[in-house]
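Single-letter residue listing:
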Amino acid sequence: MAVLALAKDLPDLREKLGNMVVGYSKSREPITADDLGCGGALTVLMKDALLPTMMQTVERTPVLVHAGPFANIAIGNSSIVADRLALKLAGEDGYVVTEAGFGADIGMEKFFNIKCRESGLKPKCAVIVATVRALKMHGGGPPVSAGKPLAKEYTEENVPLVVKGCANLCKHIENAKKFGVQAVVAINQFKSDTAAEMEAIRKASMDAGAYDAVVSNHWAEGGKGAEALGRAVIAACEAGKSEDFRYLYDLDLPIRTKIEIISKEIYGADGVDFSDVAEQQMSQYESSGFGKLPICIAKTQYSFSCDAAAKGVPTGFRIFVREIRSCVGAGFLYPICGDIMTIPGLPTRPGFYDVDIDCETGAVIGLF
């Protein structure tokens, strides 16, 4: 999916699939899909997948759904093809919103440093979505478990908890500004949020240097509830300049240095520790000519650190890189940090037990 998301067109898809490294020879030379003669066949299998799916919102706003690998274990972004198609459809005076998954420390960072390099597109604005409940958790709120009722801290007004959690949001705003784009905070309103809590978020955002921070009530009101946010994004784009956009690191830097820059600048780590395996892999990749690829770090999405329980803005921590994988076809290197699993976990009781079909009506049962 990463190859699909980062391919610019059919020839580029063919090249990327052919460049995928499937192993190494006895002399430690990389062996690619093209070396095995299967790059063309792979492209034939993927050629229709390169075409985005056009969908629509309930208010009939056009939406392109295409790719979307998770940001904690991959690039976390939709396809370059979809972005380019959307820009063409929107026209010179239009606006395209593209999503980068999970927190801005992973999805946004990879969008800027990997996807924008590959596409050549330069964004003018980053919209950072914040909720009262999420910031309460980062402020020290009780743990949340799926299927269990929320603690009263999340359903009743608690401005001090929100204010404390805003440190996490402010770090994301700071990170966005490092790339030279305007940051707009979308305060995603829900029914239990109070005016005082949302104002605390707005004040913290503006103090941190956001271009604007706007309450968006699309959850209840649909497009009408997001109108103020849309106007703020338009204003931010008009105030920004494409030439102000910049990457966080130079591709010519050593692999180690690029990982350290992301870890220190974006996560706030004191430094990076590499396992013996990771050290060997860095040497191998650089000798194979892969040293100038961008970096796609796999880590937990729940914290700036590798400790999912470390909320807010943790300090005094280091990032541990246990191995580094190569995604040469897609065009990046893939450090595995902490205890992150690169295949999403499944429940102990598979969901398919509850899925069936009514053979008389054809209706699907138990899918959701």
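The structure under discussion appears in the preceding block.
Calculation notes
- Residues numbered from 1 in each chain as written.
- Predicted model: local features only at pLDDT ≥ 70, side-chain atom pairs only at ≥ 80, totals over all residues.
- Heavy atoms only, no water.
- Pairing = 2+ DSSP bridges.
- Helix = DSSP H or I, 4+ residues; strand = E, 2+ residues; numbered from the N terminus.
- Axes fitted to C-alpha atoms, helices over the stretch in contact; angles between N-to-C directions.
- Contact = heavy atoms within 4.5 Å.
- Patch = residues over 30% accessible without salt bridge, like charges linked within 9 Å, V, L, I, M, F, W, Y side chains within 5 Å.
- Areas by Shrake-Rupley, 256 points an atom, 1.4 Å probe, with all protein chains shown as cover.
- Salt bridge = Lys/Arg side-chain N within 4 Å of Asp/Glu carboxyl O.
- Phe/Tyr/Trp six-rings, centres within 6.5 Å; stacked < 30°, edge-to-face > 60°.
- Buried < 20%, exposed > 50% of the residue type's maximum accessible area, 1.4 Å probe, protein only.
- Lys NZ or Arg CZ within 6 Å of the ring centre and 35° of its normal.
- Left-handed = near helix turned anticlockwise from the far one by under 90°.
- Nonpolar A, V, L, I, M, F, W, Y, C, P; charged D, E, K, R; others polar.

Overview of the sheet that holds strand E10 (residues 332–337)
Then, in step 1: Pairing within the open sheet is mixed, and its three strands lie in the order E8-E9-E10. Among the strands making up the open sheet, the edge pair consists of strand E8 (271–274) and E10. Strand-to-strand twist in this sheet, taken as the mean axis angle between neighbours without regard to direction, amounts to 50°.
Then, in step 2: Here E8 pairs with strand E9 (residues 318–327) via four bridges, running parallel. Looking at the pairing, valine 272 lines up with isoleucine 319 of E9.
Then, in step 3: The strands that helix H13 (residues 276–287) touches are E8, E9 and E10; relative to E9, the one it contacts most, it runs at about 40°.

Observations concerning a nonpolar patch on the surface
Then, in step 1: On the surface, a cluster of nonpolar side chains totalling about 290 Å² of accessible area is made up of Met54, Leu85 and Leu89.
Then, in step 2: Of note, leucine 85 is situated in helix H4 (residues 80–90).

Describing the packing of aromatic side chains
Then, in step 1: One pass over the structure, following the stated rule, counts eight aromatic pairs.
Then, in step 2: Plain terms: the ring middles of phenylalanine 245 and tyrosine 247 are 5.4 Å apart, the flat faces sit at 85° to each other, and that makes the pair edge-to-face.
Then, in step 3: Here phenylalanine 245 falls in the buried class, since its relative accessible area comes to 8%.
Then, in step 4: Accessibility expressed as a relative area gives 33% for tyrosine 247, which makes it partly exposed.
Then, in step 5: By the ring-pair criterion, three or more aromatic residues cluster together here, those being Phe111, Phe112, Phe179, Phe245 and Tyr247.
Then, in step 6: In this structure, arginine 117 packs its charged tip against the face of tyrosine 249, placed 4.8 Å from the ring centre.

Focus on the sheet that holds strand E7 (residues 212–216)
Then, in step 1: Spatial strand order, E5-E6-E7: three strands in an open sheet with parallel pairing. Of all strands in the sheet, those bounded by a partner on one side alone are strand E5 (125–130) and E7. Neighbour to neighbour, the strand axes of the sheet diverge by 25° on average, direction disregarded.
Then, in step 2: Here strand E6 (residues 182–188) pairs with E7 via five bridges, running parallel. Bridging from a neighbouring strand, isoleucine 187 pairs with valine 215 of E7.
Then, in step 3: Contacting E5, E6 and E7, helix H11 (residues 227–239) crosses the sheet at an angle of about 175° to E6.

Focus on the packing of helix H8 (residues 159–177) against helix H9 (residues 195–207)
Then, in step 1: Two elements in contact, H8 and H9, have axes separated by 9 Å at closest approach and are oriented at 35°. Crossing hand, H8 versus H9: right-handed. For the pair formed by H8 and H9, the contact residues are Val159, Val162, Val163, Cys166, Leu169, Cys170 and Ile173 on the first element and Ala196, Glu197, Ala200, Ile201, Ala204 and Ser205 on the second.
Then, in step 2: Its residues assigned to classes, the contact of H8 with H9 shows 11 nonpolar, one polar and one charged.

Some thoughts on the pattern of salt bridges
Then, in step 1: Following the criterion strictly, the structure yields 20 salt bridges and no others.
Then, in step 2: Note that glutamate 279 is salt-bridged to arginine 256, the shortest N-O span being 2.5 Å. In this pair, glutamate 279 sits in helix H13 while arginine 256 sits in helix H12 (residues 255–267), placing the two residues 23 residues apart along the sequence.
Then, in step 3: On the basis of relative accessibility, which here comes to 31%, the residue glutamate 279 falls in the partly exposed class.
Then, in step 4: Several salt bridges converge on common partners, so that one network encompasses Lys8, Asp12, Lys16 and Glu118.

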